[in-house]
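Structural overview for review
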Amino acid sequence: MIGAEYVETLQLADGKVLQYNCKLCDCKFNDVNARDMHLKGRRHRLSYKKKVNPQLRVDMKSVNKNKRPEQSRMRQGQGHWSGNDSVWAMKEEMKKMENELYARFGGGSGGKKAESFDDRHILAKHQTIYPEEETLNAVQDIVVKTEKALKMVSDKILEEDKAKAAEEEATREIKVEPVSSEQAIEDSANKKEKSEGKPSDEDDASKYRELKGVMRIGVLAKGLLLKGDRKVSLAVLCQSYPTTILLSRIFKLLPDILKELSSESEDSSESKFESFLKMEEGIIVVQSKSEPIITLNVYLTSPVCRVDPDKGEESLQKPPAKQPASPGREI
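Residues numbered from 1 in each chain as written. Predicted model: local features only at pLDDT ≥ 70, side-chain atom pairs only at ≥ 80, totals over all residues. Heavy atoms only, no water.

Re the packing of helix α1 (residues 32-40) against helix α2 (residues 42-51)
Each pair of packed helices can be described by the angle between their axes along with the distance between the axes. For the record, the criterion: Only the contacting stretch of a helix is used when fitting its axis, a line to C-alpha atoms as for every element, and angles between N-to-C directions run 0 to 180 degrees. Strands are runs of DSSP state E lasting at least 2 residues, helices are runs of H or I lasting at least 4, and numbering of each runs from the N terminus. Angle categories are assigned with fixed cut-offs, so that under 35 degrees is roughly parallel, over 145 is roughly antiparallel, 65 to 115 is roughly perpendicular, and the rest are oblique. Contacts: residue pairs with any heavy atoms within 4.5 Å of one another. All amino acids are sorted into three groups, where Ala, Val, Leu, Ile, Met, Phe, Trp, Tyr, Cys and Pro are nonpolar, Asp, Glu, Lys and Arg are charged, and the leftover types, Gly among them, are polar.
Where α1 contacts α2, the axes come no closer than 5 Å and their chain directions differ by 55 degrees. Judged by the angle between their axes, α1 and α2 are oblique. Counting all contacts with α1, which are made through His38, Leu39 and Lys40, the residues of α2 involved are Arg42, His44 and Arg45. Looking at the contact of α1 with α2 residue by residue, the classes come out as one nonpolar, two polar and three charged.

Concerning the side chain of asparagine 297
Relative to the helices and strands, asparagine 297 is located in strand β8 (residues 295-301). Asparagine 297 has contacts with Val232, Ser233, Leu234, Ile283, Ile284 and Val285, leaving out every residue within four places of it along the chain.

A closer look at the sheet that holds β8
Sheet strands pair by backbone hydrogen bonding; their relative direction is either parallel or antiparallel. In plain terms, the rule: Between any two strands, pairing holds if DSSP finds at least two bridges.
A sheet is described by the order of its strands in space; here five strands give the open sequence β4-β5-β8-β7-β6, paired in mixed fashion. Edge positions in the sheet fall to β4 (211-217) and β6 (273-278), since each of these pairs with one other strand and no more. Neighbour to neighbour, the strand axes of the sheet diverge by 25 degrees on average, direction disregarded. Judged from the five bridges that link them, strand β7 (residues 283-288) and β8 form a sheet pairing that is antiparallel. From the neighbouring strand, valine 286 faces β8, where its bridge partner is leucine 296.

Points about α1
Applicable threshold: Each residue gets one of three labels from its accessible area relative to the maximum for its type: buried under 20%, exposed over 50%, partly exposed in between, using a 1.4 Å probe on protein chains only. Relevant arc is that of directions from the helix axis to the C-beta atoms, nothing else. For this analysis, a polar contact is any N or O atom pair within 3.5 Å, provided that within protein one partner can donate a hydrogen and the other can accept it, and provided that sequence-adjacent residues contribute only side-chain to side-chain pairs.
Here α1 has its buried residues at Asp36, His38 and Leu39. Angular distribution of buried residues about the axis of α1 spans 160 degrees; they occupy a single face of the element. Turned more than 90 degrees from where α1 packs its buried face, Asn33, Met37 and Lys40 sit exposed. The inward-facing, buried residues of α1 abut β1 (7-11), β2 (17-22), β3 (27-29) and α2. Of the residues flanking the start of α1, the one acting as N-cap is aspartate 31, its side-chain oxygen 2.8 Å from the backbone nitrogen of alanine 34.

Here we look at the nonpolar core
What counts is decided by this rule: Among the buried residues, those of types Ala, Val, Leu, Ile, Met, Phe, Trp, Tyr and Cys that are joined through side-chain atoms within 4.5 Å form a nonpolar core.
Counting 33 residues, the largest nonpolar core has Val153, Leu211, Val232, Ile250, Leu254 and Ile284 as the members making the most contacts within it. Those elements that place two or more of their residues in this core are α6 (133-174), β5 (231-238), α10 (244-266), β6, β7 and β8. With 11 residues, the next largest nonpolar core counts Tyr20, Cys25, Cys27 and Leu56 among its residues.

Quick word on the pairing of β8
Working note: regular strand, side chains alternate between the two faces of the sheet. Burial within β8 is extensive, with five of its seven residues counted as buried. Where β5 lies against β8, seven bridges are found, and the strand directions are parallel. The residue of β8 that forms the bridge with alanine 235 is tyrosine 299.

Examining the packing of aromatic side chains
Formally: Only the six-membered ring of Trp is used, alongside the rings of Phe and Tyr, when aromatic pairs are assigned; centres must lie within 6.5 Å, and planes under 30 degrees apart are stacked while those over 60 apart are edge-to-face, with the rest tilted. Counting as a charge over the ring demands two things of the Lys NZ or Arg CZ atom: a distance within 6 Å of the ring centre and an angle within 35 degrees of the ring normal.
For the structure shown, the criterion picks out one aromatic pair. Between tyrosine 6 and tyrosine 48, the ring centres sit 6.3 Å apart and the planes meet at 70 degrees, which makes this aromatic pair edge-to-face. Highlighted residues: tyrosine 6 in the segment before β1 and tyrosine 48 in helix α2, separated in sequence by 42 residues. Residue class for tyrosine 6 comes out partly exposed when judged on its relative accessible area of 28%. The positively charged end of arginine 35 is found above the aromatic ring belonging to tyrosine 20, 5.0 Å away from the centroid.

Details of a nonpolar patch on the surface
For clarity, the cut-off: Patch definition: residues with relative accessible area over 30% and no salt bridge; like charges joined within 9 Å; nonpolar side chains (Val, Leu, Ile, Met, Phe, Trp, Tyr) joined within 5 Å. The protein chains shown are the only cover counted for residues, whose accessible areas, like all others here, come from Shrake-Rupley with a 1.4 Å probe. Each reported salt bridge corresponds to a side-chain nitrogen of Lys or Arg within 4 Å of a carboxyl oxygen of Asp or Glu.
A surface patch of nonpolar side chains, amounting to about 240 Å² of accessible area, comprises Met215, Ile217 and Tyr299. Mapped onto the elements, isoleucine 217 comes out in strand β4. Note on isoleucine 217: relative accessible area 32%, which makes it partly exposed.

With respect to the sheet that holds β2
Pairing in this open sheet of three strands is antiparallel, and the strands run β1-β2-β3 from one edge to the other. Edge positions in the sheet fall to β1 and β3, since each of these pairs with one other strand and no more. The sheet shows a mean angle of 25 degrees between the axes of neighbouring strands, direction not considered. Across the face of the sheet, α1 comes into contact with β1, β2 and β3 while running at roughly 140 degrees to β3.

Structure below.
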């Protein structure tokens, strides 16, 4: 191969080849095959003849003799050709390719959509696995309303917990032994200092809020719902370890709130959904009453259930002692 000494190899510190650089042609290659093809090519030989050895013989570019008369007739018929024939042919080929791509993916050339057999097969296959519009609307309805209902449940549980904490605080203050006037003045000054540095309502709510948020999980989160899928899932993120008591508190409030949300959108006193408590599985099931029947499973989880990969099972916080659940509608 001529001029191989003008191709330098760029390597990393560990000796791995990064790329090849031809100094004569000012071009770079990523692999050996591309480098060898370039060294055998006409462009490299012409550069070598021009810059190194003018006596080097370079074969002329071959032209298809069968096309020459046709191109000649085209020139005679046009009479005003300008530019290189090969460039014109390349532009025409690129324009044709762009029209084919545009026709396939967006509108088509001249308003016509050019579809191949594979395109039609893929579209037909997609229609067989994609859920119906009615099913998608039903899934969206039950998921959005349940998410709103769980947010309202979280607010109500927060109010109950804050009221309970305030009641306990008041009870503790009543049980405190009487103190002298000087001690009372000092205590009032301390309370004033604490009140000045008291956290905001948001911090206070974050302290007592048991239900932190809700997440879509499974096929619902990934957007991979297929035709025939009627079961979706939500996970409620709790501050502490999930218990049967907390599950029962959520279930006690959830049906009434769902009924309220349904009546607002449908102008009806009846709820569109029914709820069940599956205590053995630790979930709440929300199900639509009308077709298509969509089933939504609500799970409880918490960051304290997470296992530290470095510490293993030892990092897992032990759940509280089992407590009897309040009565609910179990199935």
